[in-house]
Amino acid sequence: MSDALTSSTPGSPVHFEVSTNVPTTHGTFQMRAYRDLVTSAEHVAIIGTLPDGSLPSDGALVRVHSECLTGEAFGSLKCECGPQLDAALDTIAAEGGVVVYLRGQEGRGIGLINKLKAYRLQEDGLDTLDANLALGLPADSRAYGGAAGILADLGITRVRLLSNNPEKRRQLEEHGITVESLVPLVVGVSPQNAGYLDTKRDRMGHELPAHLEAGAGAAG
Ligand SMILES: [Zn+2]
């Protein structure tokens, strides 16, 4: 981590731009902003200090979270991104850790308009995976090189990952981050997204309970 106003480590996929403290309803966090040198997206590392006041380091609790406008800003019940983000921020406020918030990955990477087109197809009965495929789009095109670059900038090479998504684990490890464990983040199940979560479990390999009860949930 650098305290310089902006900095870039040679070979890093991200450029550090600024660090500032922001009070939120979850607690006060250090927010470090980065520019993704591959996609030009602006990402944020949201950092909660440990109970002893130290900054997260190796072995930290980390959530790598993709921006979801519909779920987080509009309260859409089609997915559980809003409750997941809230729970992750509450967790790092209490225990310390990092939420790496990746922008430019709406709808598992297909963009906002395509995501709403996929929702339209789901009204005709397609599930979340087949709707993407029907639009000629990948099931999940998110990339995590930027997240790995941000973690490297923070001096974190080993994480406990707040997720049930083995693909996210695989991609982070491919970029040199050791995932010591997947820590379940079970929130946000509703009648409107139970089918979506079933598809993530049964067709996309997410480690979720066999029977999802409304009021519980699962991390993407
Ligand atoms: Zn979402």
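Use the structure listed above.
Summary of the structure given here. (Residues numbered from 1 in each chain as written. Predicted model: local features only at pLDDT ≥ 70, side-chain atom pairs only at ≥ 80, totals over all residues. Heavy atoms only, no water.)

Quick look at a nonpolar patch on the surface
Then step 1. Taken together, the side chains of Leu69, Phe74, Leu112 and Leu116 define a hydrophobic patch exposed on the protein surface, amounting to about 360 Å² of accessible area.
Then step 2. Take leucine 69: it is sitting in helix 1 (residues 69-72).
Then step 3. On the accessibility criterion, leucine 69 (32% relative accessible area) is partly exposed. (Patch = residues over 30% accessible without salt bridge, like charges linked within 9 Å, V, L, I, M, F, W, Y side chains within 5 Å. Areas by Shrake-Rupley, 256 points an atom, 1.4 Å probe, with all protein chains shown as cover. Salt bridge = Lys/Arg side-chain N within 4 Å of Asp/Glu carboxyl O. Helix = DSSP H or I, 4+ residues; strand = E, 2+ residues; numbered from the N terminus. Buried < 20%, exposed > 50% of the residue type's maximum accessible area, 1.4 Å probe, protein only.)

Thoughts on the coordination of the zinc ion
Ideal values for angles at a metal depend on the geometry: 109.5 degrees with four tetrahedral donors, 90 or 180 degrees with six octahedral donors.
Then step 1. At this site the zinc ion is bound by Cys68 (SG), Cys79 (SG) and Cys81 (SG), with donor distances of 2.1 to 2.2 Å.
Then step 2. Here the donor residues of the zinc ion are spaced in sequence according to C-x10-C-x1-C. You can see cysteine 68 sitting in the loop between strand 4 (60-66) and helix 1 and its partner cysteine 81 sitting in helix 2 (residues 81-95), a full 13 residues away along the chain.
Then step 3. Looking at cysteine 68, the relative accessible area reads 4%, which means it is buried.
Then step 4. Judged by relative accessible area, cysteine 81 falls into the buried class, the value being 13%. (Donors = N, O, S within 2.8 Å, 3.2 Å for Na, K, Ca; no water.)

Re unusual backbone geometry
Then step 1. Of note in this structure, serine 40 is not a glycine but carries a positive phi near 70°.
Then step 2. Residue placement: serine 40 occurs in the loop between strand 2 (27-36) and strand 3 (42-48).

Things to note about the sheet that holds strand 5 (residues 97-102)
Then step 1. The mixed open sheet is built from seven strands, whose spatial order is 1-2-3-5-4-6-7. This sheet does not close on itself; its edge strands, each paired only once, are strand 1 (14-24) and strand 7 (178-183). Looking at each pair of strands side by side, their axes are set apart by 25° on average, direction ignored.
Then step 2. Across five bridges, strand 4 lies against strand 5 in parallel orientation. The residue of strand 5 that forms the bridge with histidine 65 is tyrosine 101. (Pairing = 2+ DSSP bridges. Axes fitted to C-alpha atoms, helices over the stretch in contact; angles between N-to-C directions.)

Description of the nonpolar core
Then step 1. The biggest cluster of nonpolar side chains holds 24 residues, and the ones touching the most others in it are Val62, Val64 and Val100.
Then step 2. Within the residue set of this core, elements represented by two or more residues are strand 1, strand 3, strand 4, strand 5, helix 6 (145-153), strand 6 (158-162) and strand 7.
Then step 3. Sort the elements by how many residues they give to this core and helix 6 lands first, with four residues.
Then step 4. When residues no more than four places from it in sequence are discounted, the contact partners of valine 100 are Val44, Val62, Arg63, Val64, His65, Ala147, Ile150 and Leu151.
Then step 5. Judged by nonpolar contacts, the second largest core, of 12 residues, contains Leu85, Ala87, Ile92 and Val99. (Core = buried A, V, L, I, M, F, W, Y, C linked by side-chain atoms within 4.5 Å. Contact = heavy atoms within 4.5 Å.)

Comments concerning the pairing of strand 2
Then step 1. Relative to strand 2, strand 1 runs antiparallel, the two being bridged by 10 bridges. Each bridged residue has a counterpart across the sheet, and for valine 18 the counterpart in strand 2 is alanine 33.
Then step 2. In this structure, strand 2 lies alongside strand 3, joined through six bridges in antiparallel fashion. Opposite arginine 32, over in strand 3, you have alanine 45 as the bridge partner.
Then step 3. Turn length for the strand 2-strand 3 hairpin, with the two strands adjacent in sequence and antiparallel, is five residues, and the turn residue serine 40 shows positive phi of about 70°.

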